[in-house]
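# Topology and contacts: notes
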6 protein chains.
Amino acid sequence: MDPPGGVSIEALRELARRRHGRSVLSRIDGQAGEEVIDSLADLNPALGHHVAAFGFGDIHDRPGLDPRSRQLVTLGSLIALGGCEPQLKVHIGAALNVGISREEITEVILHAACYCGFPRAVHATFAAREVFTERDTAPAN
Amino acid sequence: MDPPGGVSIEALRELARRRHGRSVLSRIDGQAGEEVIDSLADLNPALGHHVAAFGFGDIHDRPGLDPRSRQLVTLGSLIALGGCEPQLKVHIGAALNVGISREEITEVILHAACYCGFPRAVHATFAAREVFTERDTAPAN
Amino acid sequence: MDPPGGVSIEALRELARRRHGRSVLSRIDGQAGEEVIDSLADLNPALGHHVAAFGFGDIHDRPGLDPRSRQLVTLGSLIALGGCEPQLKVHIGAALNVGISREEITEVILHAACYCGFPRAVHATFAAREVFTERDTAPAN
Amino acid sequence: MDPPGGVSIEALRELARRRHGRSVLSRIDGQAGEEVIDSLADLNPALGHHVAAFGFGDIHDRPGLDPRSRQLVTLGSLIALGGCEPQLKVHIGAALNVGISREEITEVILHAACYCGFPRAVHATFAAREVFTERDTAPAN
Amino acid sequence: MDPPGGVSIEALRELARRRHGRSVLSRIDGQAGEEVIDSLADLNPALGHHVAAFGFGDIHDRPGLDPRSRQLVTLGSLIALGGCEPQLKVHIGAALNVGISREEITEVILHAACYCGFPRAVHATFAAREVFTERDTAPAN
Amino acid sequence: MDPPGGVSIEALRELARRRHGRSVLSRIDGQAGEEVIDSLADLNPALGHHVAAFGFGDIHDRPGLDPRSRQLVTLGSLIALGGCEPQLKVHIGAALNVGISREEITEVILHAACYCGFPRAVHATFAAREVFTERDTAPAN
């Protein structure tokens, strides 16, 4: 992508896509989401690039669904998927960021229990507690 | 539950719970949901009872989350879960019933692809097409 | 549910259902199960209510399947599901409580490997070891 | 494995393991299980060999768990796994073969709903109906 | 994205990304992959766009992993995921397209059984048979 | 299997199968794999036996697929499966052992994201980091 003596148009394009994606990610997921991308930077920077450029820049920023609706779908998917508690925590935080209340989040978890069973829901409740506690004890954010 | 000579209080309670659940299910899932319960009546009536009484009467009818939000969570969970296309179809219909547009439903599926991959999303799109086509060709509903 | 000046009939009904469910849960899952419900009490009390009232009061207490058989099904489901180790531990404890031996539990795990692969089975074995060790070192229970 | 002019000891060993496994499989899964193995014979004979030799000869035939218990674990795993309806049908038949009643099988499905949600349970009920109907209409078996 | 009187730079960029992605997809998945994208065109064109532009243009075309290795990872993922047989069939075809033999594909399926159990492997074998049969009977491709 | 006064032929056969499997496992998974088997020895020795005898001796050692290809399939399956991070770590180490580079492993993870979503891929990246760090800091291995 980087020819000698210059920067390719594809590299510039991807830089623009990543910057746009990062700004969307920062708006929705806040610091917790940025930390995930940053933590991928040394080992799997391409994954971090595409989470930002594709996941947030291309998909989350589409006008066809409001941010609240997107986070509800995300929570439904992650609770059902299971085994992704750190990512679930980031998106519980994102849900709070777009205006979904704590009471609604626990209601989302109870609702999802009908479709993916109680164990996933109990697990998700403990993830939610960790997020809420972190928010209560954090100096800012 | 049914003592000789009468009907137990638990049986009456469960009858009331089921009636309430059926009315909620009918309001949200419409005819497609009722057909699922009816189709369970001969072989696993207790499952049908609890889908209605617990899933709809106890959970869907709780005030803490609006019907639109509940269907978004349901879609997120079912797309991620996979392998439940008939149930996904019922709930795509339910999403339409509570006012989620066809465009939003396909956007939900695209959004979920970030969290559970493209194959689940392609599969869900085909399920959505079947529901939309049925609605277009049905005389009423 | 609680009108001013009194308690609604639904609230009384749910209180009775929860009490019954807690007694079933206590009998089968013992202290570990009660701790799960108690740990949900502050954040998602409705989830705790329905795990007890529906999961244990309505389902586990049905006469159509003996407690040993129910725990075998539960173990098969939780091992296959994966990613729910704390819940798996509670139900390994419940299996011991209803008379399934340690040797049978490890045999259950080996058997499940045919259907959900070795990694889930290895994971489940480590969960079983934690439960067995806790029992060996606990002063009572 | 087959040196020129003879049969290797490993080949003889595997033949014995397969024969033993087939006899166990035939006893438990009956004709439906044999048909699965036979249907693999042209394309993936090694898979068929190991399902029989390992899955049935090595695991199902171990003395540490009775056949009824093994089928309960199998059903719990397959209902939770989802997306394996043909295999679920074979094992619902196997459950009948080892003496688990139709009423118990539907109860197993209802029970599993607590751990893996209603959609998997509804799906499994339809699989059970197909097995029961086949048994009712089959001339023998 | 489309200002009055012209085409936005983003629309041109996405057109270029899609064209590139389609050419990669066509090379790897062949006609079966193109048919999937085309079948999404009316209902969820954005999903088709991103499968091509992101999945194939951005990811499959990266130099860090050869096409054979990518298809082996894809098969491992899809067999474990389950419930995505049409997509599995497309990628079994893609595996053949990049030079993985039929014998290797059935070996891949047997190998995956260790990690995700026999039912998924049996299911995948039947999907492979359908692909092989279609190739044998198709006039060309 | 062990009659009084002697060792059964089946016990000798299984001993040979286990020894062979252990040698294959040791060659591929190295010390990390051996530690898994050893850690099962007290509680579920039969599971350890069959992971070695069947998983490695019977399957991994088959000639139809080279070790590199087998590990790529394994990684694809384990990333998609989720919730098996310790086993994923063992197999990331095995991938390194058979000559798959660190850059290829992170590319495998990025590639799998198309099929099982970003959360599983992010999780797998963190598992890979742990393995790489352990290798960098270990005195030998």
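Parameters and conventions
Residues numbered from 1 in each chain as written. Chains lettered and ligands numbered in written order. Predicted model: local features only at pLDDT ≥ 70, side-chain atom pairs only at ≥ 80, totals over all residues. Heavy atoms only, no water. Helix = DSSP H or I, 4+ residues; strand = E, 2+ residues; numbered from the N terminus. Buried < 20%, exposed > 50% of the residue type's maximum accessible area, 1.4 Å probe, protein only. Contact = heavy atoms within 4.5 Å. Buried area = accessible area lost by both parts, 1.4 Å probe. Salt bridge = Lys/Arg side-chain N within 4 Å of Asp/Glu carboxyl O. Polar contact = N/O pair within 3.5 Å; in protein donor to acceptor, adjacent residues only side chain to side chain. Domains from an automatic or database assignment. UniProt positions renumbered as here; feature names shortened; annotations may be inferred. Least-squares fit on C-alpha atoms with pLDDT ≥ 70 in both. Phe/Tyr/Trp six-rings, centres within 6.5 Å; stacked < 30°, edge-to-face > 60°.

Within the element layout of this structure, B:Leu47 appears in helix α2 (residues 45-60). According to the relative accessible area criterion, B:Leu47 is buried, its value standing at 0%. Not counting the four nearest positions on each side in its chain, B:Leu47 is found in contact with B:Leu40, D:Leu110, D:Phe118, D:Ala121, D:Val122 and D:Thr125.

The accessible area lost on association of the parts is a frequent measure of interface size. The partner chain D presents 31 residues to the 31 residues of chain C that form the contact. In total, chain C and chain D occlude about 2700 Å² of area from one another, counting both sides; carbon and sulfur atoms represent 69% of this. Summed over the three residues of chain C that lose the most area to chain D, namely C:Glu107, C:His111 and C:Tyr115, the buried surface amounts to 25% of that side. There are 6 salt bridges connecting chain C and chain D. The salt bridge involving C:Arg62 is made with D:Glu107; its shortest N-O contact spans 2.7 Å. Inspection of the chain C/chain D interface yields 16 residue pairs in polar contact (both at pLDDT 80 or more).

A word on the domain arrangement of chain A. All names here are of chain A. Domain boundaries in chain A define domain 1 (12-60) and domain 2 (67-137). Here the C-alpha centroids of domain 1 and domain 2 sit 21 Å apart. At the junction of the two partners, domain 1 supplies 9 residues and domain 2 supplies 7 residues. Buried surface at the junction of domain 1 and domain 2, both sides included, amounts to about 630 Å², of which 56% is carbon and sulfur. Ranking the residues of domain 1 by area buried against domain 2 places Ile 28, Asp 29 and His 60 at the top, with a combined share of 67%. On inspection of domain 1 and its partner domain 2, the count reaches 3 residue pairs in polar contact (both at pLDDT 80 or more).

Right, let's talk about the UniProt feature "domain: Carboxymuconolactone decarboxylase-like" (unreviewed entry) in chain A for a bit. UniProt's entry tags residues 45-130 of chain A with the feature "domain: Carboxymuconolactone decarboxylase-like" (unreviewed entry), counted in the numbering of this structure. What you have in residues 45-130 of chain A is 84% helix and 0% strand, and the ends, taken at the C-alpha atoms, are 28 Å apart.

Here the focus is the relation of the copies chain C and chain A. Note on the identical chains: chain C maps onto chain A by a rotation of 120° and an axial translation of 0.0 Å, with an RMSD of 0.0 Å. Both copies are brought into coincidence by an operation consistent with a three-fold rotation axis. Distance from the rotation axis, computed per C-alpha, reaches its smallest value in chain C at C:Gly83: 2.6 Å. Different-surface contact between copies: only 5% of interface residues of chain C are shared with the interface of chain A.

Glancing now at the packing of aromatic side chains. In this structure the tally under the stated criterion is 15 aromatic pairs over all chains. An aromatic cluster is built from A:Phe54, B:Phe118, E:Phe54 and F:Phe118, whose rings are joined through pairwise contacts.

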